[in-house]
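A look at the structure
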Amino acid sequence: VETLIIDDAFTSTLEAMLKSMGIKMEDVEQKNFHSDEEEVSTMFSYNLNGNKVHGYGFMHLKGSSLESIWLMPVKKGFSVQYIEKFAVGIITD
């Protein structure tokens, strides 16, 4: 059940941020790096000003709180290599 909750929270947060930028979730590609009952780590891609851009989201359940980190492409995206290195460097305690 907790996995569904964190997945829903992650998706809802991402969708709200993208909606504020005029981007629909159905136009977004996602690649999950990791997903379990405590964490979700995902790279996402969409078209921005005619260019495909990449972003990253991480959400972690800590006790009864959700903590998250977002690399949100607003004017330009991040390289896939940067996102992969960034994702590996996140350490939770």
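My aim in this report is to walk through the structure given alongside it, one point at a time. (Residues numbered from 1 in each chain as written. Predicted model: local features only at pLDDT ≥ 70, side-chain atom pairs only at ≥ 80, totals over all residues. Heavy atoms only, no water.)

So, about the pairing of strand β3 (residues 51–62). One ladder, built from 10 bridges, connects strand β2 (residues 39–48) with β3; its direction is antiparallel. When the sheet's bridge partners are listed, Thr42 is paired in β3 with Gly57. Count of turn residues in the β2/β3 antiparallel hairpin: two residues, of which Asn49 carries a positive phi of about 55 degrees. Where β3 meets strand β4 (residues 65–71), seven bridges bridge the pair, whose relative direction is antiparallel. In the strand pairing of β4, Phe58 is matched with Ile69. Hairpin connection of β3 to β4: two residues between the antiparallel strands, including Gly63 at a positive phi of 65 degrees. (Pairing = 2+ DSSP bridges. Helix = DSSP H or I, 4+ residues; strand = E, 2+ residues; numbered from the N terminus.)

With that out of the way, let us pick up the environment of His34. Relative to the assigned elements, His34 resides in strand β1 (residues 29–35). For His34 and Ala87, which are 53 residues apart along the polypeptide, the C-alpha to C-alpha distance reads 9.8 Å. One polar contact links His34 to Asp36, side chain to side chain, over a distance of 2.9 Å. (Polar contact = N/O pair within 3.5 Å; in protein donor to acceptor, adjacent residues only side chain to side chain.)

Time to look at the nonpolar core. Formed by 16 residues in total, the largest nonpolar core has its most connected members in Leu14, Leu18, Val28, Phe44, Tyr46, Trp70 and Met72. When contributions to this core are tallied by element, the ones reaching two or more residues are α1 (2–20), β2 and β3. At five residues, the largest contribution of residues to this core is made by α1. Excluding residues within four positions of it along the chain, Leu14 makes contact with Met25, Gln30, Phe44, Trp70 and Met72. In terms of nonpolar packing, the next biggest core, distinct from the first, is built from seven residues, Met43, Tyr56, Ile83 and Ala87 among them. (Core = buried A, V, L, I, M, F, W, Y, C linked by side-chain atoms within 4.5 Å. Buried < 20%, exposed > 50% of the residue type's maximum accessible area, 1.4 Å probe, protein only. Contact = heavy atoms within 4.5 Å.)

Position of Thr42 relative to the elements: it lies in strand β2. A distance of 2.5 Å separates polar atoms of two side chains, one belonging to Thr42 and the other to Asn32.

This brings us to the pattern of salt bridges. It is possible for side chains of opposite charge to pair when their charged atoms get near one another. According to the stated counting rule, one finds one salt bridge in the structure shown. Salt-bridge contacts for Lys52 lead to Glu29; the nearest nitrogen and oxygen are separated by 3.2 Å. Taken as a pair, Lys52 in strand β3 and Glu29 in strand β1 lie far apart in primary sequence, 23 residues in all. (Salt bridge = Lys/Arg side-chain N within 4 Å of Asp/Glu carboxyl O.)

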